[in-house]
Amino acid sequence: MRQIMLFISMAVIGGGLYLKFFYDVPDSQTQINFFVSWFFIILGVGGVLVDIFWEKSVDHENRDKDEL
Amino acid sequence: MNRNVIVILIGTVLSIVLLSLIAFGPFTRLRNQKSFNTASLIRKTIPNNDSLADYLNKDVKENYYKVMLPVKWAIKAGDKPGSYTMEFPHGYGSIALMDVPDNTTLELYILSQEEPRLKKAVPGYQRLNYRKAKVNGNDAYILLFEEKSGNPDSRTMAAYISGADNAVVIRLTADTTDFKSLEPSFNRVMNSFNWRNQ
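Residues numbered from 1 in each chain as written. Chains lettered and ligands numbered in written order. Predicted model: local features only at pLDDT ≥ 70, side-chain atom pairs only at ≥ 80, totals over all residues. Heavy atoms only, no water.

Colleague: Can you help me understand the overall build of chain A in this one?
Modeller: Counting its regular elements, chain A contains 2 helices and 0 strands. Counting over 68 residues, chain A shows a buried share of 31%. Taking the contacts inside chain A whose residues are at least 6 apart along the sequence as the reference set, 69% of them involve residues at least 24 apart. Surface accessibility of chain A: about 4700 Å² in total, with carbon and sulfur atoms responsible for 67%. (Helix = DSSP H or I, 4+ residues; strand = E, 2+ residues; numbered from the N terminus. Buried < 20%, exposed > 50% of the residue type's maximum accessible area, 1.4 Å probe, protein only. Contact = heavy atoms within 4.5 Å. Areas by Shrake-Rupley, 256 points an atom, 1.4 Å probe, with all protein chains shown as cover.)

Listed below in structure tokens is the structure:
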């Protein structure tokens, strides 16, 4: 499950970077492109960080259970 | 869900709120905006003593126009009604009427149809600038692009000027090395264009 979440987060970051650097933006749409690209990047990075720290917390719980 | 995860979620939400404020709200100035100093760019008065001649075109009803072209240029009537072709040292050009479909705007048409077509047709197409302007009260869109075909490279200034019925496109091309010296003449030609239907 976490691997799927990590994959989706990375894909969202990739989408954001694509819109930011490679998409040929019409001049009338630079504002919405700015918002959407950064939105995807922030969401993706947030998703990756949540995934990493979530794993750590679960690892701690499992270790605690094993020790008991 | 541990404390770190909660902090990350809160941070993400706050970042998105801040992003919204920068993109659409009061902090818009923080964003790097492309500022097109429109009319002033093409209305620079550059000293140029080449005299101009009036060309009043009445080929197509409802699309009469007047344009001033340097007398030294070789001007011919184009293949289509309401068009001209021109040749001059180190360059060439054309003026043509352009039918824009009613279900779109001129700008949308340029960006969605014209520029993709140019990208396919022009070897090594590279957009150098695109700006909106006013030419004698008409909305105009000035596209500057470079052709890198190597024999030799050239630059084209294309002005799409909106009209009540058709639009007009003025394309002026010069070798990249000579473009700077011809640019004042190009600007004068484009600024001289005016519809004559009113």
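Next, the rest of the story.
Colleague: Is there a simple way to think about helix 4 (residues 176-192) of chain B in this case?
Modeller: A turn of α-helix holds 3.6 residues, and therefore any two residues three or four places apart point the same way. All names here are of chain B. Under the 1.5 Å per step criterion, the end-to-end length of helix 4 is 24 Å for 17 residues, consistent within 8% with the ideal 24 Å. The largest bend in helix 4 amounts to roughly 55° and is located at Leu182, with the proline Pro184 lying one to four residues further along. Across the 17 residues that make up helix 4, a large majority, 12, are buried. For helix 4, every residue scored as buried is listed here: Asp178, Phe179, Leu182, Glu183, Pro184, Ser185, Phe186, Asn187, Val189, Met190, Asn191 and Ser192. (Expected span 1.5 Å × (residues − 1). Bend = angle between axes of the 7 residues up to and from the residue.)

Colleague: Could you clarify how one ought to interpret the nonpolar core in this entry?
Modeller: Here is a general trend for soluble globular proteins: nonpolar side chains tend to be buried in one another's company. Residue and element names in this part refer to chain B. Ranked by internal contacts, the top residues of the largest apolar core, which has 28 residues, are Ile95, Ile170, Leu172, Phe186 and Phe193. If you list the elements that add at least two residues to this core, you get strand 2 (65-70), strand 4 (84-88), strand 5 (91-98), strand 6 (126-135), strand 7 (138-147), strand 8 (154-161), strand 9 (167-175) and helix 4. For this core, the element with the most residues is helix 4, which contributes 5 residues. Excluding residues within four positions of it along the chain, Phe186 makes contact with Trp73, Phe88, Met157, Leu172, Thr173, Ala174 and Phe179. (Core = buried A, V, L, I, M, F, W, Y, C linked by side-chain atoms within 4.5 Å.)

Colleague: Any chance you could explain the pairing of strand 4 of chain B here in plain terms?
Modeller: Successive residues of a regular strand alternate their side chains across the two faces of the sheet. Residue and element names in this part refer to chain B. Burial along strand 4 is one-sided: the face carrying Tyr84, Met86 and Phe88 is buried and the face carrying Thr85 and Glu87 is not. Two strands pair when backbone bridges link them, and strand 4 and strand 5 are joined in this way by 5 bridges, in the antiparallel orientation. Note on strand 5: the bridge partner recorded for Thr85 is Ser94. Counting the residues in the hairpin turn of strand 4 and strand 5 gives 2 residues, including His90, whose phi is positive at 70°. (Pairing = 2+ DSSP bridges.)

Colleague: How should unusual backbone geometry be read in this particular structure?
Modeller: As a rule of thumb, non-glycine residues mostly have phi less than zero, and peptide bonds are mostly trans rather than cis. Residues and elements named next belong to chain B. Phi angles above zero are rare outside glycine, and His90 is one such case at about 70°. Structurally, His90 is set in the loop between strand 4 and strand 5. Judged by relative accessible area, which is 48%, His90 ranks as partly exposed. Its identity is not glycine, yet Asn136 carries a phi of approximately 50°, on the positive side.

Colleague: Sorry if this is basic, but what is going on with the packing of aromatic side chains here?
Modeller: Centre distance and the angle of the planes are the two values used to describe a pair of aromatic rings. All names here are of chain B. Under the definition given, this model contains 15 aromatic pairs over all chains. For the ring pair Trp73 and Phe88, a centre distance of 4.2 Å and an interplane angle of 25° mean the geometry is stacked. One end of the pair, Trp73, is in the loop between strand 2 and strand 3 (74-77); the other, Phe88, is in strand 4, with 15 residues separating them in the sequence. Pair check on accessibility: Trp73 and Phe88 agree, each one buried. Here Tyr130 and Tyr141 contribute two aromatic rings whose centre-to-centre distance is 6.4 Å and whose plane-to-plane angle is 5°, an arrangement assigned as stacked. With Tyr130 in strand 6 and Tyr141 in strand 7, this residue pair connects regions lying 11 residues apart in the sequence. The rings of Tyr55, Tyr65, Tyr84, Phe193 and Trp195 are connected pair by pair, giving a single aromatic cluster. (Phe/Tyr/Trp six-rings, centres within 6.5 Å; stacked < 30°, edge-to-face > 60°.)

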